[in-house]
Amino acid sequence: MRFSVHNRFVMAAAITVTSTTAANAYANSADLALSNETVEASYRANVADGVSAAGGWLHHDGGIDIASAGIYGGGRQGDAGIFIGAKAFWINADGPDGQGIAVGGAVSYELFPR
């Protein structure tokens, strides 16, 4: 299966968004995912109070490699929370290669505290 340039960037964006939003939930973990066409390895760790770092690599048999590294932070004060993150990724493919930086954040407030 060959990916078009558009599909590579959609896949990278999906990985970036997923990793950026889920980083705090997976602190201090290593993951290895295997399928018949892909291998993905990632590591996430707390580096300071409220700050996590992550790195990963994905290889597809179609000649596509994606590497990423990011840092995420945030915290809660009472019912409110704020979270920010940044991630860099590199795509090495048979066609055009690419790289990018994603920056994101979230603000939350519990309307119905537990």
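None of these values were measured; they are calculated from a predicted model. (Residues numbered from 1 in each chain as written. Predicted model: local features only at pLDDT ≥ 70, side-chain atom pairs only at ≥ 80, totals over all residues. Heavy atoms only, no water.)

S.K.: Looking at this structure, I do not really get the sheet that holds strand 2 (residues 38-48). What am I missing?
M.R.: Overall, antiparallel pairing links the six strands, which are arranged 1-2-3-4-5-6 in an open sheet. Pairing within the sheet leaves two strands with one partner each, and these edge strands are strand 1 (29-34) and strand 6 (98-109). With strand direction ignored, the average angle separating the axes of adjacent strands in the sheet is 10°. Where strand 5 (residues 80-92) meets strand 6, twelve bridges bridge the pair, whose relative direction is antiparallel. When the bridges of strand 6 are listed, alanine 80 appears paired with tyrosine 109. (Pairing = 2+ DSSP bridges. Helix = DSSP H or I, 4+ residues; strand = E, 2+ residues; numbered from the N terminus. Axes fitted to C-alpha atoms, helices over the stretch in contact; angles between N-to-C directions.)

S.K.: Whenever I open this one, a nonpolar patch on the surface confuses me. Can you help?
M.R.: Together, Ile82, Ile84 and Val107 line one region of the surface with nonpolar side chains, adding up to about 340 Å² of accessible area. Here valine 107 lies in strand 6. (Patch = residues over 30% accessible without salt bridge, like charges linked within 9 Å, V, L, I, M, F, W, Y side chains within 5 Å. Areas by Shrake-Rupley, 256 points an atom, 1.4 Å probe, with all protein chains shown as cover. Salt bridge = Lys/Arg side-chain N within 4 Å of Asp/Glu carboxyl O.)

S.K.: I would appreciate a short explanation of the confidence of the model for the chain in the present structure.
M.R.: Atom-level detail of predicted coordinates should not be read off regions where pLDDT is low. Taken over all residues, the pLDDT of the chain has a mean of 81, while the share at 70 or more is 76%. Across the chain, the secondary-structure element scoring lowest on mean pLDDT is helix 1 (residues 5-22), at 48, and the one scoring highest is strand 1, at 95. pLDDT under 50 marks residues 16-26. Its contacts with residues more than four places away, or in other chains, come to twelve contacts. (pLDDT = per-residue confidence, 0-100. Contact = heavy atoms within 4.5 Å.)

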